[in-house]
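Report on the structure
Spelled out, the chains give:
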Amino acid sequence: MDKVQNNKAWFLVLPVLVLVAFSAVIPLMTVVNYSVQDTFGNNVFFWEGLGWFEQVLTDSRAHSALGRQLAFSGIILAIQIPLGIAIAVCMPKKGFWASVCLVLMALPLLIPWNVVGTIWQIMGRGDIGLVGYSLSAIGIDWNYARDPLHAWITVVVMDVWHWTSLVALLAYAGLQSIPQAYYQAAKIDQASRWSVFRYIELPKMQGVLLIAILLRFMDSFMIYTEPFVVTGGGPGSATSFLSIDLVKMALGQFDLGPAAAFSLMYFLVILLVSWVFYTIMTNLDKAEGR
Amino acid sequence: MVATSDTYTATVRRAALPKVRARHVVMVAYLLFMLVPIYWLAKMSLQTNQEILGGFTLWPQNPTLDNYRVILTDASWYMGYVNSITYVAMNTVLSLAVALPAAYAFSRYRFLGDKHLFFWLLTNRMAPPAVFALPFFQLYSSVGLFDTHIAVALAHTLFNVPLAVWILEGFMRGVPKEIDETAYIDGYSFPRFFIKIFMPLIASGIGVAAFFCFMFSWVELLLSRTLTAVNAQPIASIMTRTVSASGLDWGVLCAAGVLTIVPGALVIYFVRNYIAKGFALGRV
């Protein structure tokens with residue numbers, strides 16, 4: 001749709017601008033402030049320059065938190081994207097059962113994140129949880145509070161349970177938009193099920209899949225509540241991802257300077273990914289001729 | 001045309017019968033994976049604490065509603081739901097009220113800096129709450145809003161306003177511009193046109209946006225916990241605090257969990273066809 005040039009439209013976006021500026025810009029400026037200053041308490045601050053940034057950049061704790069975070073996001077994407085596509089392909093295309101699948105699949109997405117944590121905290125326990133009890137029964141000494149590997153598996157399975165449906169729903173929406181004529185053409189060419197998927201469905205899903213990958217990357221990159229409830233970041237710091245580490249630093253120890261510097265660099269990564277996201281979105285819109 | 005495509009699907013179904021079965025198996029397995037943990041939570045919510053810790057059972061031996069009774073009769077518990085619903089509702093109304101005109105502007109006009117503004121809104125949807133927890137705490141403490149519902153409602157606009165703007169913009173683009181032009185020619189003023197004609201046209205979009213604002217505010221814990229202490233404490237935060245202090249009453253914890261799932265489960269049926277669009281910020 002060709003839009004009309006009209007700068008008076010600014011009046012319509014002004015309320016949003018004011019509100020979001022209040023809840024985003026002011027807090028962010030506080031962070032910028034802290035990141036370049038030091039204090040000995042009593043609200044006396046002095047200039048610190050880029051010291052905190054250097055400290056965080058060379059800090060092994062921050063490095064390992066980032067490493068864990070990237071590993072986690074990588075594992076999450078590697079499992080959820082293929083699984084989500086598979087589920088979408090297997091879903092009924094229309095009718096009563098399609099609705100049933102949609103509603104049941106979306107259920108985990110609507111559960112408060114701490115309840116998701118609670119659910120899996122319980123599921124993994126050896127005494128009262130289904131998974132933990134079953135594993136103990138077949139002779140595996142399952143304890144996610146003591147064994148880092150078990151903690152990781154629990155957190156990953158939890159995230160797969162929580163968010164795979166999002167990928168599946170997006171892929172399903174992509175599949176729904178493929179015209180029936182494509183399948184008919186494939187039928188005439190006697191294409192196998194695999195080539196239908198490879199040459200028709202996958203290319204047509206490209207756009208939604210990119211959205212799915214970016215959303216899952218972003219949301220797994222700032223995961224906090226679920227692992228915090230299940231493992232509290234432990235054992236040791238085995239599952240302390242970036243957000244958990246940051247909250248520990250800022251609200252637990254009140255190390256405002258390093259925490260602020262850490263936040264800003266964290267935010268820069270987010271900005272970069274958001275920009276990729278935005279570019280893809282607008283290109284998709286253009287491709288659809290809207 | 002209809003007949004041909006029907007025959008076509010019929011042939012495909014007959015030819016690919018084993019495959020159809022395989023996909024049923026995959027689908028059922030996945031749905032079981034989705035539902036078993038929720039079943040487990042519901043099961044434990046119907047058991048007494050002694051029964052839960054006493055032995056491993058797949059279903060409650062003596063189902064009891066005592067855990068729900070504890071929550072629904074104790075003000076320190078059920079006020080958590082009231083608090084959550086209060087700030088969630090405030091946030092939803094606030095987000096939609098500011099997002100509607102803005103989404104209209106983005107969908108209909110080009111103006112100075114529109115693309116930058118749209119992008120900036122997106123970055124706020126993507127911003128990690130952990131970065132904002134401490135500054136929010138200080139900001140709302142300094143203006144005397146700490147531990148009020150409005151503080152949490154305002155804090156959640158950080159990600160809900162961008163979300164609402166993006167979703168609504170996606171829906172508004174589907175409405176032909178000729179409708180606006182005709183209305184203006186007929187002598188409608190902008191506010192009258194917007195409320196009388198335009199909003200009914202995108203009613204489903206408003207519903208979906210409201211659902212997603214409601215949902216993301218409902219599931220969020222970090223900010224709502226940081227910004228409240230007693231008076232506006234959300235249920236999610238009460239679950240994490242009092243339960244661990246009183247020696248972990250699993251039954252009550254699970255009952256509280258089940259009750260937090262109910263609101264979403266009740267309305268999900270109505271938005272089932274728009275869920276993907278909502279999660280993808282109006283772009284599917």
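Residues numbered from 1 in each chain as written. Chains lettered and ligands numbered in written order. Predicted model: local features only at pLDDT ≥ 70, side-chain atom pairs only at ≥ 80, totals over all residues. Heavy atoms only, no water.

Structural notes on the overall build of chain A
Threshold: Each helix corresponds to a stretch of at least 4 residues labelled H or I by DSSP, and each strand to a stretch of at least 2 residues labelled E; elements are numbered beginning at the N terminus. Throughout this description, buried means an accessible area under 20% of the type-specific maximum (1.4 Å probe, protein chains only), exposed means over 50%, and partly exposed covers the range between. Two residues form a contact once any of their heavy atoms are found within 4.5 Å. Methods summary: accessible areas were calculated by the Shrake-Rupley approach with a probe of 1.4 Å, and residue burial reflects only the protein chains presented.
Within chain A, the regular secondary structure consists of twelve helices and three strands. Viewed in the frame of its principal axes, chain A has a C-alpha envelope of about 75 × 70 × 30 Å. Counting the 290 residues in chain A, one finds 54% classified as buried. Taking contacts inside chain A between residues at least 6 apart in sequence as the whole, the part at least 24 apart equals 66%. Within the structure as shown, chain A displays about 12700 Å² of accessible surface, and the carbon and sulfur contribution to it stands at 67%.

Let's talk about the domain arrangement of chain B
Residue and element names in this part refer to chain B. Worth spelling out the cut-off: Boundary definitions for the domains trace back to an automatic or database domain assignment. For any pair of parts, buried area is found by adding up, for both, the accessible area (1.4 Å probe) each one loses once the two are put together. Criterion for a salt bridge: a side-chain nitrogen of Lys or Arg within 4 Å of a carboxyl oxygen of Asp or Glu. We define a polar contact as two N or O atoms separated by no more than 3.5 Å, with the added condition that, inside protein, one atom must be a possible hydrogen donor and the other a possible acceptor, whereas residues neighbouring each other in sequence contribute only through side-chain atom pairs.
Partitioning chain B into structural domains gives domain 1 (2-45) and domain 2 (74-279). Taken together, the five residues of domain 1 in the interface contact seven residues of domain 2. Between domain 1 and domain 2, roughly 460 Å² of surface is buried when both sides are summed, and carbon and sulfur atoms account for 89% of that area. For the pair domain 1 and domain 2, the interface holds zero salt bridges. At the junction of domain 1 with domain 2, the criterion picks out zero residue pairs in polar contact (both at pLDDT 80 or more).

Section: the interface of chain A and chain B
Counting residues at the interface gives 103 residues for chain A, matched by 101 residues for chain B. Taking both partners together, chain A and chain B bury about 9400 Å²; carbon and sulfur atoms supply 78% of that area. Our count for the chain A to chain B interface comes out at one salt bridge. Between Asp219(A) and Arg125(B) there is a salt bridge whose closest N-O contact spans 3.7 Å.

Some details on the pattern of salt bridges
Pairs may arise between side chains of opposite charge once their charged atoms sit close together. Per the stated rule, a full pass over the model turns up nine salt bridges over all chains. Between Arg146(A) and Asp141(A) there is a salt bridge whose closest N-O contact spans 3.1 Å. By relative accessible area, Arg146(A) is classed as exposed at 54%. Residue classification places Asp141(A) among the exposed residues on the basis of a relative accessible area of 56%. Residues Asp180(B) and Arg108(B) are paired through a salt bridge, measuring 2.8 Å at the closest nitrogen-oxygen approach. With Asp180(B) in helix α9 (residues 177-185) and Arg108(B) in helix α5 (residues 75-108), this residue pair connects regions lying 72 residues apart in the sequence. No difference in accessibility class separates Asp180(B) from Arg108(B), as the two residues are buried.

What about the confidence of the model for chain A?
Spelled out, the test is: For every residue, the predictor reports its confidence as pLDDT, a number between 0 and 100.
Averaged over every residue, the pLDDT of chain A is 87; the share at 70 or more is 97%. Of all secondary-structure elements in chain A, the lowest mean pLDDT belongs to strand β3 (residues 45-47) of chain A, at 75, while helix α7 (residues 148-176) of chain A reaches the highest, 93.

What about the packing of helix α5 (residues 113-123) of chain A against α7(A)?
Residue and element names in this part refer to chain A. Where we set the bar: All axes here are fitted lines through C-alpha atoms, helices being fitted over the stretch that makes contact, and every angle between N-to-C directions spans 0 to 180 degrees. These descriptions rest on fixed angle ranges, namely under 35 degrees for roughly parallel, over 145 for roughly antiparallel, 65 to 115 for roughly perpendicular, and the rest for oblique. With the far helix as reference, a near helix turned anticlockwise by less than a right angle produces a left-handed crossing, and one turned clockwise produces a right-handed crossing. Under this grouping Gly is polar, as are all residues other than the nonpolar Ala, Val, Leu, Ile, Met, Phe, Trp, Tyr, Cys and Pro and the charged Asp, Glu, Lys and Arg.
Across the interface, α5 lies against α7 with an axial gap of 10 Å and an inter-helix angle of 130°. Between α5 and α7, the angle falls in the class oblique. Classified by chirality, the crossing of α7 by α5 is right-handed. In contact with Trp113, Val116, Gly117, Ile119 and Trp120 of α5, α7 contributes Thr154, Val157, Met158, Trp161, His162 and Trp163. Split by residue class, the contact of α5 with α7 holds eight nonpolar, three polar and no charged.

A closer look at the side chain of Arg68(A)
Residue and element names in this part refer to chain A. Our working rule: Two residue types count as positive, namely Lys and Arg, and two as negative, namely Asp and Glu; His and chain ends fall outside the count.
Considering the arrangement of structural elements, one finds Arg68 in helix α3 (residues 60-90). Asp245 provides the closest opposite charge to the buried, salt-bridge-free Arg68, at an N-O distance of 5.2 Å. Other than its neighbours up to four places away in sequence, Arg68 contacts Trp152, Ser237, Ala238, Thr239, Ser240 and Phe241.

Section: unusual backbone geometry
At Gln190(A), a residue that is not glycine, the phi angle is positive and equals roughly 55°. With respect to the helices and strands, Gln190(A) occurs in the loop between α8 (180-188) and α9 (193-221). We classify Gln190(A) as exposed; its relative accessible area is 72%. One non-glycine residue with positive phi stands out, namely Asp147(B), at about 65°. Positionally, Asp147(B) belongs in the loop between α7 (129-142) and α8 (149-172). A relative accessible area of 11% means that Asp147(B) is categorised as buried.

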